[in-house]
Amino acid sequence: MTTPTPFPNTKNAYDKVAFDRHELGAILGLYGQMVAAGEWRDYGMSFLKDVAVFSVFRRTAEHPMYRIEKRPKLRGRQGMYSVIGMDGQILKRGHELRNVLRVFDRKLIRSVD
């Protein structure tokens, strides 16, 4: 007989930063609008020890166009939410996610022919 595989350490199981239900709802609402506009096609999420990242892709196999990050350690300073462009430049940073996501509002405005 083989020895059973032990369960992972339960103390470290919750050491990851994640988006809560309201934050994810706001992000996925924006994602749906941008998909409908034909701007975005795919997304990926990463939950690490100090940061949660929602990455947006135009195509599946390329680098992310935008990253929406949550860094709780920056809560008291610049704000824990940020939108980062493809080149690594921080486009907007703040304390409230909805205000940070407004950086994408101008991309949804199009002229009507």
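All of the points below concern the structure found in this document.

Each value, and the rule that gives it
- Residues numbered from 1 in each chain as written.
- Predicted model: local features only at pLDDT ≥ 70, side-chain atom pairs only at ≥ 80, totals over all residues.
- Heavy atoms only, no water.
- Helix = DSSP H or I, 4+ residues; strand = E, 2+ residues; numbered from the N terminus.
- Buried < 20%, exposed > 50% of the residue type's maximum accessible area, 1.4 Å probe, protein only.
- Contact = heavy atoms within 4.5 Å.
- Areas by Shrake-Rupley, 256 points an atom, 1.4 Å probe, with all protein chains shown as cover.
- Salt bridge = Lys/Arg side-chain N within 4 Å of Asp/Glu carboxyl O.
- Polar contact = N/O pair within 3.5 Å; in protein donor to acceptor, adjacent residues only side chain to side chain.
- Core = buried A, V, L, I, M, F, W, Y, C linked by side-chain atoms within 4.5 Å.

## Brief notes about the overall build of the chain
Within the chain, the secondary structure is distributed over 3 helices and 5 strands. The helix and strand sequence of the chain, counted from the amino end, reads α-β-β-β-β-β-α-α. A burial count over the chain gives 32% of its 113 residues as buried. Taking contacts inside the chain between residues at least 6 apart in sequence as the whole, the part at least 24 apart equals 32%. For the chain, the exposed area adds up to about 8,300 Å²; of that, 52% sits on carbon and sulfur atoms.

## What to know about the pattern of salt bridges
In this structure the tally under the stated criterion is 3 salt bridges. Notably, a salt bridge pairs lysine 70 with glutamate 23, separated by 3.1 Å at the nearest N-O pair. Taken together, the positions of lysine 70 in strand 3 (residues 66-70) and glutamate 23 in helix 1 (residues 21-36) put the pair 47 residues apart, joining distant regions of the chain. One salt-bridge network, in which partners are shared between bridges, spans Arg67, Glu69 and Arg71.

## Considerations on the side chain of glutamate 23
Given the relative accessible area of 8%, glutamate 23 is considered buried. Residues within four places of glutamate 23 in sequence aside, it is in contact with Ala18, Lys70, Tyr81 and Leu97.

## A few points about the environment of arginine 58
Note on placement: arginine 58 falls in the loop between strand 2 (52-57) and strand 3. Using a relative accessible area of 36% as the deciding quantity, one classes arginine 58 as partly exposed. A sequence separation of 18 residues divides arginine 58 from tryptophan 40, and the C-alpha atoms of the two residues are 4.9 Å apart. Not counting the four nearest positions on each side in its chain, arginine 58 is found in contact with Glu39, Arg41 and Met65.

## Observations concerning the side chain of glutamate 69
Looking at where glutamate 69 falls in the secondary structure, it is placed in strand 3. Of note is the side chain of glutamate 69, whose polar atom sits 3.1 Å from the side chain of arginine 71. Among all residues touching glutamate 69, those that are not within four sequence positions of it are Val51, Ala52, Val53, Met80, Tyr81, Ser82 and Ile84.

## Remarks on the nonpolar core
Trp40, Ile68, Leu101 and Phe104 are the most contacted members of the largest nonpolar core, which has 22 residues in total. Looking at this core, the elements with two or more residues in it are helix 1, strand 2, strand 3, strand 4 (81-84) and helix 2 (97-101). With 5 residues, helix 1 is the single largest residue contributor to this core. If near-sequence neighbours (up to four positions away) are discounted, phenylalanine 104 is found in contact with Leu30, Trp40, Tyr66, Ile68 and Val83.

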